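Listed below are the residues making up each chain.
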Amino acid sequence: LAPKRSDEMPAAPSAGPQVTREDQASINAFGRLNNQYHEIQGKIKAKKKYSEDLEDASNELMLADGDTVKYSYGWVFVHMDEETADDKLTAERDQVEEDVTKLEGELGDVRTKMDELKATLYSKFGNTINLEE
């Protein structure tokens, strides 16, 4: 049996950079932020759907020809005049739009923190770490 030449020897796997406690904390923080990012995205999607539903209800209210309408409060319907119902729909839609704006701001903040952590971790670990969503 002839000994293998050094160029035929498989390369020893590189140990790569050591993961410190701070690195692991950063990786964990990125994971938590990523979860938070997706939760906020879900909330924004739900709020936008609710806003569309309110818009549809407002449009239906314009088509109504009666003096009173049934307005839903949770599981209960309350009779009120069209003008009052329209005012309530408009106020609710405005509140939802405000909530969406606030959530989008939070989403941007979380994204910024994620990008900072991603840059730091990729600069240390390169392609040996995957921080994609």
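Refer to the preceding data block for the structure.
This one's a predicted model, so the numbers in the text were calculated from it and none came from an experiment.

*Asks:* Describe the overall build of the protein, listing the residues and the values that go with them.
*Replies:* From N to C terminus, the protein includes 2 helices and 2 strands. Starting at the N terminus and ending at the C terminus, the protein contains elements arranged as α-β-β-α. In the protein, buried positions account for 26% of the 133 residues. Intrachain contacts of the protein at a sequence separation of at least 6 include 61% that bridge at least 24 residues. For the protein, the accessible surface area stands at approximately 10,000 Å², while carbon and sulfur atoms represent 52% of it.

*Asks:* Which residues make up the environment of Met-62, and what values go with them?
*Replies:* In this structure, Met-62 sits in helix H1 (residues 21–63). Residue classification places Met-62 among the exposed positions, given a relative accessible area of 61%.

*Asks:* So what's going on with the pattern of salt bridges? Residues and values would help.
*Replies:* This model, assessed by the stated rule, comprises 6 salt bridges. Across the pair Lys-124 and Asp-23 runs a salt bridge whose closest N-O atoms are separated by 2.5 Å. Here the residue Lys-124 occupies a position in helix H2 (residues 82–125), and Asp-23 occupies one in helix H1, the gap between them amounting to 101 residues. We classify Lys-124 as partly exposed; its relative accessible area is 35%. Between Lys-48 and Glu-104 there is a salt bridge, and its shortest N-O distance comes to 3.5 Å. Here Lys-48, found in helix H1, pairs with Glu-104, found in helix H2; they are 56 residues apart in sequence, far enough to count as distant. A relative accessible area of 38% means that Glu-104 is categorised as partly exposed.

*Asks:* Can you explain the packing of aromatic side chains? Please cite residues and give values.
*Replies:* Per the counting criterion, the structure on display carries 1 aromatic pair. For Arg-111, the ring lying beneath its charged end belongs to Tyr-37, and the centroid distance is 5.2 Å.

Cut-offs and rules
- Residues numbered from 1 in each chain as written.
- Predicted model: local features only at pLDDT ≥ 70, side-chain atom pairs only at ≥ 80, totals over all residues.
- Heavy atoms only, no water.
- Helix = DSSP H or I, 4+ residues; strand = E, 2+ residues; numbered from the N terminus.
- Buried < 20%, exposed > 50% of the residue type's maximum accessible area, 1.4 Å probe, protein only.
- Contact = heavy atoms within 4.5 Å.
- Areas by Shrake-Rupley, 256 points an atom, 1.4 Å probe, with all protein chains shown as cover.
- Salt bridge = Lys/Arg side-chain N within 4 Å of Asp/Glu carboxyl O.
- Phe/Tyr/Trp six-rings, centres within 6.5 Å; stacked < 30°, edge-to-face > 60°.
- Lys NZ or Arg CZ within 6 Å of the ring centre and 35° of its normal.

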